[in-house]
Amino acid sequence: AQSVTQLGSHVSVSEGALVLLRCNYSSSVPPYLFWYVQYPNQGLQLLLKYTTGATLVKGINGFEAEFKKSETSFHLTKPSAHMSDAAEYFCAVRSRNSGGSNYKLTFGKGTLLTVNP
Amino acid sequence: NAGVTQTPKFRILKIGQSMTLQCAQDMNHNYMYWYRQDPGMGLKLIYYSVGAGITDKGEVPNGYNVSRSTTEDFPLRLELAAPSQTSVYFCASSYSGQGDNSPLHFGNGTRLTVT
């Protein structure tokens, strides 16, 4: 069974500072990896995903994430935080194995990002 | 293009009442899902469907039922509401799933309170 761990339920940064949100997965085979963002009173939106190829993935709003197989990690970063980045961020995984119920996403518990002026 | 539409946005139920949360998508997606979101717990899968007429249980199905008579609609039914079902419910859909990497498209959620 696969699982996702997001380190830190709440991260607070100053505007203009580096954003680093951590995600580690547990899976026998490296899964598909996703980051979703949830703004207040809204559903989740896809920020970026890793499927294959280049391990550094760029997403919307200046975010990027790097897949590191040796560390089973997929941390999300942004060089300079903006006030509009304040939201909750979810890491999610999906198995690469076809068949059965392997297409289901497994979510981490989320990290709330606060950006201080 | 509306995407995934959920109704109602808010609802308060008394213990023992029943209700149906509606979900509709206009993207011709085969796969649809119901998640519940509780503070600090992330999202838990309740039920999912891989196509019209096919549904299956997720991680936390107890107290819920679903049906999928059409590709577009995937309603979630609560038969005897309990305080433990107080949560925010999200419906999602994706183009495909098996061996694929299709992202999920989410609705804006239904906030349910059971008192």
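Since this is a predicted model, take the numbers as computed values, not measurements.

(A) Representation of the overall build of chain A. In terms of helices and strands, chain A carries 0 helices and 11 strands. Seen in sequence order, chain A has helices and strands lined up from the N terminus as β-β-β-β-β-β-β-β-β-β-β. In summary, chain A has a C-alpha radius of gyration of 14 Å against a globular reference of 13 Å for 117 residues, a match within 12%. Dimensions of chain A, computed from C-alpha atoms along their principal axes, come out at roughly 45 × 30 × 20 Å. Put simply, chain A has 117 residues, and 44% of those count as buried. Taking contacts inside chain A between residues at least 6 apart in sequence as the whole, the part at least 24 apart equals 59%. When the accessible surface of chain A is totalled, it reaches about 5,300 Å², and 51% of it is carbon and sulfur.

(B) Broad picture of the pattern of salt bridges. Residue and element names in this part refer to chain A. If you walk through the whole model with that rule in mind, you get 4 salt bridges over all chains. Across the salt bridge formed by Glu-64 and Lys-58, the nearest N and O atoms sit 2.8 Å from each other. Judged by relative accessible area, Lys-58 falls into the exposed class, the value being 63%.

(C) Local environment of the layout of surface pockets. In this structure, the largest pocket occupies an estimated 600 Å³ of space. The wall of the largest pocket is formed by 29 residues, among which Gln38(A), Asn41(A), Gln37(B), Val88(B) and Arg111(B) lie closest to the centre. For the lining of the largest pocket, a count of residues per class yields 11 nonpolar, 13 polar and 5 charged.

Reading guide: rules and limits
- Residues numbered from 1 in each chain as written.
- Chains lettered and ligands numbered in written order.
- Predicted model: local features only at pLDDT ≥ 70, side-chain atom pairs only at ≥ 80, totals over all residues.
- Heavy atoms only, no water.
- Helix = DSSP H or I, 4+ residues; strand = E, 2+ residues; numbered from the N terminus.
- Rg over C-alpha atoms; globule rule 2.2 N^0.38 Å.
- Buried < 20%, exposed > 50% of the residue type's maximum accessible area, 1.4 Å probe, protein only.
- Contact = heavy atoms within 4.5 Å.
- Areas by Shrake-Rupley, 256 points an atom, 1.4 Å probe, with all protein chains shown as cover.
- Salt bridge = Lys/Arg side-chain N within 4 Å of Asp/Glu carboxyl O.
- 1 Å grid on protein atoms, 1.4 Å probe; cavity = no way out; pocket = protein on both sides within 12 Å on 5 of 7 lines; lining within 4 Å.
- Points joined across faces, edges and corners; volume = space filled by probe spheres on them.
- Nonpolar A, V, L, I, M, F, W, Y, C, P; charged D, E, K, R; others polar.

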